[in-house]
Amino acid sequence: MNVTLSVIKADIGGYVGHSSSHPDVLENADKCMKRAVKDGVILDYHVTKCGDDLQLIMTHQLGENSEKVHKLAWDSFVECTQIARTLKLHGAGQDLLSDAFSGNVKGMGPGVAEMQFIERQAETVIIFMADKTSSGAWNLPLYEMFADPMNTIGLVIADNMHGGFSFEVHDVKEHKKITFNTPEEVYDMLVFIGAPSRFAVKNIYHRETKEIAAASSTQKLSLMAGRYVGKDDPVCIVRSQGQFPAVGEVLEPFANPHIVEGWMRGSHNGPLMPVSVEESNPSWFDGPPRVTCLGFQIANGKLVGPRDMFQDLAFDFARKQALEMAYYLRRMGPFEPHRLPLEEMEYTTMPQVQKKLEGRFTQL
Ligand code: 13P
Ligand code: 13P
Ligand code: MG
Ligand code: MG
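So, here's what we can say about the structure. (Residues numbered from 1 in each chain as written. Chains lettered and ligands numbered in written order. Predicted model: local features only at pLDDT ≥ 70, side-chain atom pairs only at ≥ 80, totals over all residues. Heavy atoms only, no water.)

Thoughts on the overall build of the protein chain
- On a plain count of helices and strands, the protein chain comes out with 10 helices and 15 strands.
- For 364 residues, the compact-globule estimate of 2.2 N^0.38 gives 21 Å, and the C-alpha radius of gyration of the protein chain, at 20 Å, lies within 12% of that figure.
- Relative to its full complement of 364 residues, the protein chain shows a buried share of 56%.
- A sequence separation of at least 24 residues applies to 69% of the contacts in the protein chain between residues at least 6 apart.
- A total accessible area of about 16,400 Å² is found for the protein chain, and carbon and sulfur atoms account for 53% of it.
- Of note, the protein chain has its 36 positive side-chain charges centred 6 Å away from the centre of its 46 negative side-chain charges. (Helix = DSSP H or I, 4+ residues; strand = E, 2+ residues; numbered from the N terminus. Rg over C-alpha atoms; globule rule 2.2 N^0.38 Å. Buried < 20%, exposed > 50% of the residue type's maximum accessible area, 1.4 Å probe, protein only. Contact = heavy atoms within 4.5 Å. Areas by Shrake-Rupley, 256 points an atom, 1.4 Å probe, with all protein chains shown as cover. Lys, Arg positive; Asp, Glu negative; His and termini not counted. Charge placed at Lys NZ, Arg CZ, Asp CG, Glu CD.)

Describing the site of ligand 2
- With respect to spatial proximity, 14 residues lie near ligand 2, and among them Gln 94, Lys 132, Tyr 228, Lys 231 and Asp 286 are the closest.
- A distance of 2.9 Å separates an oxygen atom of ligand 2 from a polar side-chain atom of Asp 11.
- Interatomic distance of 2.9 Å between a side-chain N/O atom of His 18 and an oxygen atom of ligand 2.
- Compared with its free state, where it exposes 300 Å², ligand 2 has 97% of that area covered by protein.
- Broken down by element, the shell around ligand 2 gets its largest block of residues, three residues, from helix 8 (residues 263-266).
- Within the shell around ligand 2, the residues separate by chemical class into two nonpolar, four polar and eight charged. (Near = heavy atom within 4 Å. Polar contact = N/O pair within 3.5 Å; in protein donor to acceptor, adjacent residues only side chain to side chain. Nonpolar A, V, L, I, M, F, W, Y, C, P; charged D, E, K, R; others polar.)

Remarks on the packing of aromatic side chains
- Scanning the entire structure with this criterion turns up 13 aromatic pairs.
- Aromatic side chains Trp 138 and Phe 254 sit 6.4 Å apart centroid to centroid with 70° between the ring planes, which places their arrangement in the edge-to-face category. Highlighted residues: Trp 138 in the loop between strand 5 (123-131) and helix 3 (139-147) and Phe 254 in the loop between helix 7 (247-251) and strand 11 (259-262), separated in sequence by 116 residues. The residues Trp 138 and Phe 254 share a single accessibility class, namely buried.
- Ring geometry for Trp 263 against Trp 284: centres 5.9 Å apart, planes inclined by 80°, an arrangement best described as edge-to-face. Of this pair, Trp 263 sits in helix 8 while Trp 284 sits in the loop between strand 13 (273-274) and strand 14 (290-299), and the two are 21 residues apart along the sequence. (Phe/Tyr/Trp six-rings, centres within 6.5 Å; stacked < 30°, edge-to-face > 60°.)

Some thoughts on a nonpolar patch on the surface
- A grouping of Ile 153, Val 156 and Ile 157 is seen on the molecular surface, where their side chains present a nonpolar patch of about 290 Å² in accessible area.
- On the secondary structure map, Ile 153 appears in the loop between helix 3 and helix 4 (154-157).
- A residue is classified by how much of its surface remains accessible, and Ile 153, at 44% relative accessible area, is partly exposed. (Patch = residues over 30% accessible without salt bridge, like charges linked within 9 Å, V, L, I, M, F, W, Y side chains within 5 Å. Salt bridge = Lys/Arg side-chain N within 4 Å of Asp/Glu carboxyl O.)

Considering the coordination of the magnesium ion (ligand 4)
- Only Asp 52 (OD), Asp 53 (OD), Asp 131 (OD) and Asp 233 (OD) from the protein coordinate the magnesium ion (ligand 4), and they sit 2.1 to 2.2 Å from it.
- Read in sequence order, the donor residues for the magnesium ion (ligand 4) give the motif D-D-x77-D-x101-D.
- Here the magnesium ion (ligand 4) and the magnesium ion (ligand 3) are spaced 4.5 Å apart, with Asp 52 acting as a shared donor. The pair formed by Asp 52 and Asp 53 is uniform in burial state, with each residue classed as buried. (Donors = N, O, S within 2.8 Å, 3.2 Å for Na, K, Ca; no water.)

Overview of the sheet that holds strand 1 (residues 2-10)
- As summarised here, the arrangement of the four strands in space is 2-3-1-4, forming an open sheet in which the pairing is antiparallel. The sheet is open, and its two borders are formed by strand 2 (44-50) and strand 4 (111-118), each paired with just one other strand. Between one strand axis and the next, the sheet turns by 15° as a mean value, whatever way the strands run.
- Pairing of strand 1 with strand 4, which is carried by eight bridges, proceeds in the antiparallel orientation. For Val 7, the partnering residue across the bridge sits in strand 4 and is Ala 113.
- Helix 1 (residues 23-38) rests against strand 2 and strand 3 (53-60) of the sheet, and its axis sits at about 165° to strand 2.
- Here helix 2 (residues 67-86) sits on the sheet in contact with strand 1, strand 3 and strand 4, set at roughly 150° to strand 3. (Pairing = 2+ DSSP bridges. Axes fitted to C-alpha atoms, helices over the stretch in contact; angles between N-to-C directions.)

Digging into the pairing of strand 1
- Among the nine residues in strand 1, eight count as buried, and that is most of the element.
- Pairing of strand 1 with strand 3 involves seven bridges; the strand directions are antiparallel. What sits directly across from Lys 9, in strand 3, is Gln 55.

Considering the packing of helix 1 against helix 2
- Helix 2 packs onto helix 1 with a crossing angle of 150° between their chain directions and a minimal axis gap of 9 Å. Judged by the inter-axis angle, helix 1 sits roughly antiparallel to helix 2. Considering how the two elements wind past one another, helix 1 and helix 2 form a crossing that is right-handed. Residues Asp 24, Val 25, Asn 28, Ala 29, Cys 32, Met 33, Arg 35 and Ala 36 of helix 1 touch helix 2, and the partners they reach there are Leu 72, Ser 76, Glu 79, Cys 80, Ile 83 and Ala 84.
- Of the residues contributing to the contact of helix 1 with helix 2, the split by class is nine nonpolar, two polar and three charged. (Parallel < 35°, antiparallel > 145°, perpendicular 65-115°, else oblique. Left-handed = near helix turned anticlockwise from the far one by under 90°.)

Things to note about the side chain of Arg 239
- Mapped onto the secondary structure, Arg 239 falls in strand 10 (residues 235-240).
- Excluding anything up to four places from it in sequence, Arg 239 contacts Met 115, Phe 117, Ile 118, Arg 120, Glu 123, Thr 124, Val 125, Glu 211, Ile 212, Ala 213, Phe 244 and Pro 245.

Description of the coordination of the magnesium ion (ligand 3)
- Protein-derived ligands of the magnesium ion (ligand 3) are Asp 11 (OD), His 18 (ND1) and Asp 52 (OD), with the metal-ligand distances lying across 2.0 to 2.2 Å.
- Sequence positions of the residues that donate to the magnesium ion (ligand 3) give the spacing D-x6-H-x33-D.
- A residue is classified by how much of its surface remains accessible, and Asp 11, at 1% relative accessible area, is buried.

Quick look at the side chain of Ser 76
- With respect to the helices and strands, Ser 76 occurs in helix 2.
- Once residues lying within four places of it in the same chain are set aside, the contact partners of Ser 76 are Cys 32, Met 33 and Leu 56.

On their own, these measurements won't tell you what the molecule is for.
Here you go:
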């Protein structure tokens, strides 16, 4: 069966501040989705949150970039924004950058990760969602999952993975893309994806079968809006088992928290802490950045699940480590590298302060 899995997300209002999502909003999104199943637009869905981001996980048969599915997501976000406004939630409609839908949510604020595939005998999919970070946050974990034998032993000992994967990388500032074949082009690829504020892994393919293996959202909210509106808070879909990394290989990179940008006012670096959906409420200094992970088996387009994959005590150590890293970085206050470098900061008083002090800067 040919199925498309679409994960479309937006921050349509935070409860409280930017820390989490209000149950009434989630309930309303559920109603919208239920209606769409009844109307035959989608096959199945799961509504969830990651911090203050509303996540719509949908299966359907309309392919990627379907106007019907994107409009459904957009209309659901607009409807939920009305509830957010009634409750005076923080930043109601934050990520909806446009007043009217025009065929596709791309470029309008919401984040999208989609993939179309023929359902396998057993179709295992893992969905990652993050809050208080930007697109590009998946570069390091995706590299580890699909190209690093220290993480994924399957690359070494599984016949059906030994041929490697290809990575489609987007230059989000110049709007260009390039594909790298791993393992032989790993060094070239790392030159780029090691700079995640500009280069982001968009899709990964199995080299021999050309099957889609992973897809992520790469939209840059600040570049679209031309001003600070919130962080991208990206999502990522990974297919698992068989010719793809095993579930444990897909989760392994998150056992070792990496530093991402996007914490507090979108202007700080901090560790990406793996948590259950329940625990995705970044409150301390609006952070530290969180990642949640839901696993599903897909059966004839139905989402069997979810299992909350980070609700595992094996990730307690990563959480503790992330908190230690966060405490350490917080002691630096407004200094780099906790604070982002000037050109990456979403929020800055620099132009105003510079203007005020203009006359006081003299030549050295
Ligand atoms: P099972 O034998 O439990 O299916 O596990 C296979 C495997 O290789 C998991 O990493
Ligand atoms: P969000 O992008 O999650 O809305 O966070 C915005 C922010 O600046 C929090 O400090
Ligand atoms: Mg917000
Ligand atoms: Mg958010």
